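A structural walkthrough
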Amino acid sequence: STLHAADYCGAQACKLWVENIIIKDHISNLEPNELRRLTENARACHADPLYEAASEELAKRAPVDVLAKTDSQVLAEIVDRHVEKRQSRTQELAVVTVNGKLLIYDSATGSNLQTLDAHGDCINCVAYSFDSSMIATASRDHTARLWNTDTY
């Protein structure tokens, strides 16, 4: 095979290029849950080229229900690496309630910008992505959700 020939000749750049083509071809044919499992396993095994390609593909085409089942560290890295970044952002503050509401406030004025019925039970944690384009919430109802701050 081309990969073995490149390896035999010591052509590392060629070998990496061929590996990347094989990886992308393989992951493009996986259904979303298989892709999620592959992404998590690649991260756990420190298979960086596979993890990078799989997480990028997962960010592009996985439905929210599949992403909700994703390991929290993998999900955070997907959001940080592959979700389009915004240039400017008002200063917003996310507040959660014991009855599952997510409240978004303008921290400069204190006004309530948005109230969302986020979960069916107490929200245990909330976090913004580093660029504030996404909010992640996790609840006692055993669900995790991602919120696009442009559309909520």
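Below is a summary of the structure that appears in this document. Just so we're clear, the structure is a prediction, and the values are computed from it rather than from any experiment.

1. What to know about the overall build of the chain
Regarding its fold elements, the chain presents 6 helices and 6 strands. When the helices and strands of the chain are listed from N to C terminus, the series reads α-α-α-α-α-α-β-β-β-β-β-β. Expressed as a percentage of the 152 residues in the chain, the buried residues total 32%. Considering only contacts within the chain whose residues lie at least 6 apart along the sequence, 37% involve residues at least 24 apart.

2. Considering the nonpolar core
Counting residues in each nonpolar core, the largest one holds 16 residues, and the members touching the most others are I27, L35 and L58. Taken together, the elements giving at least two residues each to this core come down to α2 (12-28), α3 (32-44), α4 (48-61), α5 (64-68) and α6 (72-82). Among the elements that take part in this core, α4 stands out by supplying 4 residues, more than any other. Residue contacts for L58: discarding those within four places in its chain leaves P32, L35, R36, T39, V66, L67, T70 and I78. A94, I104, L116 and W147 belong to the second largest nonpolar core, which has 8 residues in total.

3. Some words on the sheet that holds strand β6 (residues 144-148)
Taken in spatial order, the 3 strands line up as β4-β5-β6 in an open sheet, and their pairing is antiparallel. Whereas interior strands pair on both sides, the edge strands pair on one side only; in this sheet they are β4 (123-128) and β6. Strand-to-strand, the axes of this sheet are offset by a mean angle of 20°, without reference to chain direction. As defined by bridge partners, strand β5 (residues 134-139) adjoins β6 across 5 bridges and the pair is classed as antiparallel. Looking at β6, one finds that T137 is bridged to R145.

4. Points about the pattern of salt bridges
As enumerated under the stated definition, the model contains 4 salt bridges in all. The shortest N-O distance in the salt bridge between E40 and R36 comes to 3.5 Å. With E40 and R36 both in helix α3, this residue pair falls 4 residues apart, about one helical turn. For E40, a relative accessible area of 18% corresponds to the buried category.

5. Description of the sheet that holds strand β1 (residues 92-96)
Judged by pairing direction, the sheet is antiparallel, and its 3 strands sit side by side in the order β1-β2-β3 without closing on themselves. Looking along the sheet, the strands with just one partner apiece sit at the ends: β1 and β3 (112-117). Direction aside, the axes of adjacent strands within the sheet are offset by 15° on average. Taken together, the 5 bridges between strand β2 (residues 101-106) and β3 define a ladder with antiparallel strand orientation. Note that in β3 the partner of K101 across the bridge is D117.

6. Details of the environment of R36
Classification of R36 as buried rests on a relative accessible area of 10%. For R36 and L75, which are 39 residues apart along the polypeptide, the C-alpha to C-alpha distance reads 9.8 Å. Once you skip the residues sitting within four places of it in the chain, R36 turns out to touch L58, V66, K69 and T70.

7. Things to note about α3
Residues spaced three or four apart along an α-helix point in a common direction, a consequence of the helix completing one turn every 3.6 residues. Between its first and last C-alpha atoms α3 spans 18 Å; for 13 residues at 1.5 Å apiece the expected length is 18 Å, and the two agree. Those residues of α3 that sit buried are N33, L35, R36, L38, T39, E40 and A42. Following α3 by one or two positions, H46 has its phi on the positive side, about 60°.

What counts, and where the lines are drawn
Residues numbered from 1 in each chain as written. Predicted model: local features only at pLDDT ≥ 70, side-chain atom pairs only at ≥ 80, totals over all residues. Heavy atoms only, no water. Helix = DSSP H or I, 4+ residues; strand = E, 2+ residues; numbered from the N terminus. Buried < 20%, exposed > 50% of the residue type's maximum accessible area, 1.4 Å probe, protein only. Contact = heavy atoms within 4.5 Å. Core = buried A, V, L, I, M, F, W, Y, C linked by side-chain atoms within 4.5 Å. Pairing = 2+ DSSP bridges. Axes fitted to C-alpha atoms, helices over the stretch in contact; angles between N-to-C directions. Salt bridge = Lys/Arg side-chain N within 4 Å of Asp/Glu carboxyl O. Expected span 1.5 Å × (residues − 1).

Without other data, these values stay purely geometric and don't point to any function.
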